[in-house]
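Below are the chains, spelled out letter by letter.
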Amino acid sequence: MLDVCFMIGPLGAPVMTTLAMTVLVVRHRRRAVRLGAPLAVLVALSWVGYWYLWGKAFEYADAFKPVPPPVDTARTTLAVICALASVALVTAAATTFGFAPRTDVRRDAARP
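Residues numbered from 1 in each chain as written. Predicted model: local features only at pLDDT ≥ 70, side-chain atom pairs only at ≥ 80, totals over all residues. Heavy atoms only, no water.

For the rest of this paragraph, the subject is helix 4 (residues 69–95). An ideal rise of 1.5 Å per residue puts 39 Å on 27 residues; helix 4 measures up with 39 Å between its terminal C-alpha atoms. Of all the positions in helix 4, only Val71, Arg75, Ala79, Cys82, Ala83, Ala85, Ser86, Leu89, Ala92 and Ala93 are classed as buried. (Helix = DSSP H or I, 4+ residues; strand = E, 2+ residues; numbered from the N terminus. Expected span 1.5 Å × (residues − 1). Buried < 20%, exposed > 50% of the residue type's maximum accessible area, 1.4 Å probe, protein only.)

As structure tokens, then:
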């Protein structure tokens, strides 16, 4: 499960966040952009925090010392947060496709 969170979160977050925010901005859905912007910030902060703690864990491993449990727990938590925020952001972007205005129905066609 953690491997899936890693693939979706810290590894795939930059691509997913860029594409999702592009969709949100291009589609001009204010509700989705208001939801997407804080999610993008959460993805960015958790992504930076994960890789910072990964560097700290690598330094411990490089010195042949055990990684402290709080560092490992925080790194895992940030990977899960990054993955969940990425999925929520992609979901917010995907919902904008369902709200496209209908162009096949004329509004004045129902008037007598």
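Our next topic: the packing of aromatic side chains. Each aromatic ring pair is described using two quantities: the centre-to-centre distance and the angle formed by the ring planes. For the coordinates displayed, the defined rule picks out five aromatic pairs. Where Phe6 meets Tyr50, the ring centres are 6.0 Å apart and the plane angle is 50°; that geometry is what we call tilted. Here Tyr50 lies in helix 3 (residues 30–62) and Phe6 lies in helix 1 (residues 2–11), a separation of 44 residues in the sequence. With a relative accessible area of 25%, Phe6 lands in the partly exposed category. Seen in terms of ring centroids, Trp51 and Trp54 are 5.6 Å apart; in terms of plane orientation they differ by 70°. Their pairing is edge-to-face. Residue Trp51 and its partner Trp54 are located together in helix 3, separated by three residues, close to a single helical turn. Three or more aromatic residues link up through ring pairs in this structure, and these residues are Phe6, Tyr50, Trp51, Trp54 and Phe58. (Phe/Tyr/Trp six-rings, centres within 6.5 Å; stacked < 30°, edge-to-face > 60°.)

It is worth spelling out the packing of helix 3 against helix 4 at this point. Two packed helices can be described by the angle between their axes and the distance between those axes. Packing of helix 3 against helix 4 leaves a shortest axis separation of 8 Å and a crossing angle of 155°. The angle between helix 3 and helix 4 places the two elements in the roughly antiparallel class. Seen along the crossing, helix 3 lies across helix 4 with a hand that is left-handed. Split by residue class, the contact of helix 3 with helix 4 holds 21 nonpolar, five polar and two charged. (Axes fitted to C-alpha atoms, helices over the stretch in contact; angles between N-to-C directions. Parallel < 35°, antiparallel > 145°, perpendicular 65-115°, else oblique. Left-handed = near helix turned anticlockwise from the far one by under 90°. Nonpolar A, V, L, I, M, F, W, Y, C, P; charged D, E, K, R; others polar.)

Moving on: unusual backbone geometry. Excluding glycine, residues mostly have negative phi values, and the peptide bonds linking residues are mostly trans. In this structure, Phe64 is a non-glycine residue whose phi angle is positive, near 60°. Checked against the element boundaries, Phe64 lands in the loop between helix 3 and helix 4. Look at Phe64 and you get exposed, because its relative accessible area is 79%.

What follows deals with the packing of helix 2 (residues 13–27) against helix 3. Contact geometry of helix 2 with helix 3 gives a least axis separation of 10 Å together with a crossing angle of 165°. If you check the angle between helix 2 and helix 3, you find them roughly antiparallel. Between helix 2 and helix 3 lies a crossing of left-handed hand. Across from Ala13, Pro14, Thr17, Met21, Leu24 and Val25 in helix 2, the residues of helix 3 making contact are Ala32, Val33, Gly36, Ala37, Ala40, Val43 and Trp47. (Contact = heavy atoms within 4.5 Å.)

Function cannot be inferred from these measures alone, as they are strictly geometric.
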